[in-house]
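Below, each chain spelled out in residue letters.
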Amino acid sequence: MSRRILLIGCGNMGFAMLKGWLSSDAGFDIHVVEPAEPLRIRAREAGASISRDRDGIPADFVPDAIVIAVKPQVIHAVLPDYKVFATGGHPALFLSVAAGISTQAIETSVDKDAAVIRCMPNTPAAIGEGMMVCYANRATTAGQRELAGELLRRSGKVAFIDDEGMMDAVTAVSGSGPAYLFHFIEALSQAGAKAGLPEDFASELALQTVYGAARLAFSSADTPSTLRQQVTSPNGTTAAALDVFMGKSELADLVAKAVAAATARSIALGKA
Ligand SMILES: NC(=O)C1=CN([C@@H]2O[C@H](COP(=O)(O)OP(=O)(O)OC[C@H]3O[C@@H](n4cnc5c(N)ncnc54)[C@H](O)[C@@H]3O)[C@@H](O)[C@H]2O)C=CC1
Ligand SMILES: O=C(O)[C@@H]1CCC=N1
């Protein structure tokens, strides 16, 4: 029998996951609740059934899992609408991707005995290449954990952690991380154009280089450090550039500062 998934919020992250789920042959039966009409239509065109609010969910649609992909700022206003699915004969798993929102906060808004998995995904989920990091509360059954794993594997690599306290740092590394890489692509494109290349050509070089380097790092037995050294001839062009990245204004320091800022914001979102 196909598993019933209720997706609440189909913006950037919700839709990225939805695409991963629908492009697989797993046979999930998915209903999407999304108030914004264009996003709702996009979800329907991708293959889900849709409604603008909770009242539009078909009466016989009893979800196995409710995936919550609304902004952290509105989650506590949204969750009470779905309390009814937390208890009864077939209690649903609540799977939240909201940054900074703890499993305990979700239990408080839904039911103290609700099964809750907090997941930090990232947008490469849209092409099945996400990093999906999960923490399950104690009420979650083995079957529900398995269902979450099965669902999230369609979107990418899945890891379970036992310490929810790690989630803020996870958010800062893999949740926000794609934006850092996209920004690096932008910066490398702009630098290429500044160095005299036509803009489109500079963008093509930057994008293919980041893609190729990521794939090489992924498939190689060598560490990123060794791979970096393999590009770097003594006194060559790479060494000249790395003197800048690893010199006075170190890129590693800058990245550490950025990750610390994102971690602090994740903690603050949980307290707001
Ligand atoms: N965008 C990203 O890369 C990542 C986002 N997240 C988390 O995913 C969640 C969603 O973020 P985004 O997709 O970026 O935001 P978004 O703004 O693109 O999507 C949120 C969606 O929720 C909808 N919504 C608002 N009220 C609703 C309600 N009552 N019922 C149903 N839907 C409702 C909005 O119309 C919107 O389409 C956030 O909690 C965020 O922390 C987590 C990891 C990565
Ligand atoms: O920026 C945010 O708050 C969300 C969480 C991780 C990525 N995007």
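Being a predicted model, the structure only gives us computed values, none of them experimental.

Counting residues in each nonpolar core, the largest one holds 31 residues, and the members touching the most others are Met 17, Leu 18, Trp 21 and Leu 95. Looking at this core, the elements that each hand over two or more residues are strand E1 (4-8), helix H1 (12-22), strand E2 (29-33), strand E4 (65-68), strand E5 (93-96), strand E6 (115-120), strand E7 (130-136) and helix H5 (142-153). The element best represented in this core is H1, accounting for six residues. Dropping the residues within four chain positions of it, Leu 18 is found in contact with Leu 7, Cys 10, Ile 30, Val 32, Ala 43, Ala 46 and Ala 48. Counting residues in each nonpolar core, the second largest holds 21 residues, with Phe 61, Ile 68, Tyr 82 and Phe 85 among its members.

Further remarks concern the domain arrangement of the protein. In many analyses, interface size is given as the accessible surface area lost on bringing the parts together. The assigned domain composition of the protein is domain 1 (4-171) and domain 2 (175-271). Taken residue by residue, the interface counts 14 residues in domain 1 and nine residues in domain 2. When the two sides are added together, the surface that domain 1 and domain 2 hide from each other amounts to roughly 840 Å², 57% of it contributed by carbon and sulfur. In terms of surface lost to domain 2, no three residues of domain 1 exceed Gly 100, Asp 168 and Thr 171, which account for 46% of the buried area on that side. Inspection of the region where domain 1 meets domain 2 yields zero salt bridges. Counting across the interface, domain 1 meets domain 2 through four residue pairs in polar contact (both at pLDDT 80 or more). Here the side of domain 1 that touches domain 2 takes four residues from helix H6 (residues 167-175), the largest share from any one element. Counted by class, the side of domain 1 that touches domain 2 contains eight nonpolar, five polar and one charged residues.

What counts and what doesn't
Residues numbered from 1 in each chain as written. Chains lettered and ligands numbered in written order. Predicted model: local features only at pLDDT ≥ 70, side-chain atom pairs only at ≥ 80, totals over all residues. Heavy atoms only, no water. Core = buried A, V, L, I, M, F, W, Y, C linked by side-chain atoms within 4.5 Å. Buried < 20%, exposed > 50% of the residue type's maximum accessible area, 1.4 Å probe, protein only. Helix = DSSP H or I, 4+ residues; strand = E, 2+ residues; numbered from the N terminus. Contact = heavy atoms within 4.5 Å. Domains from an automatic or database assignment. Buried area = accessible area lost by both parts, 1.4 Å probe. Salt bridge = Lys/Arg side-chain N within 4 Å of Asp/Glu carboxyl O. Polar contact = N/O pair within 3.5 Å; in protein donor to acceptor, adjacent residues only side chain to side chain. Nonpolar A, V, L, I, M, F, W, Y, C, P; charged D, E, K, R; others polar.

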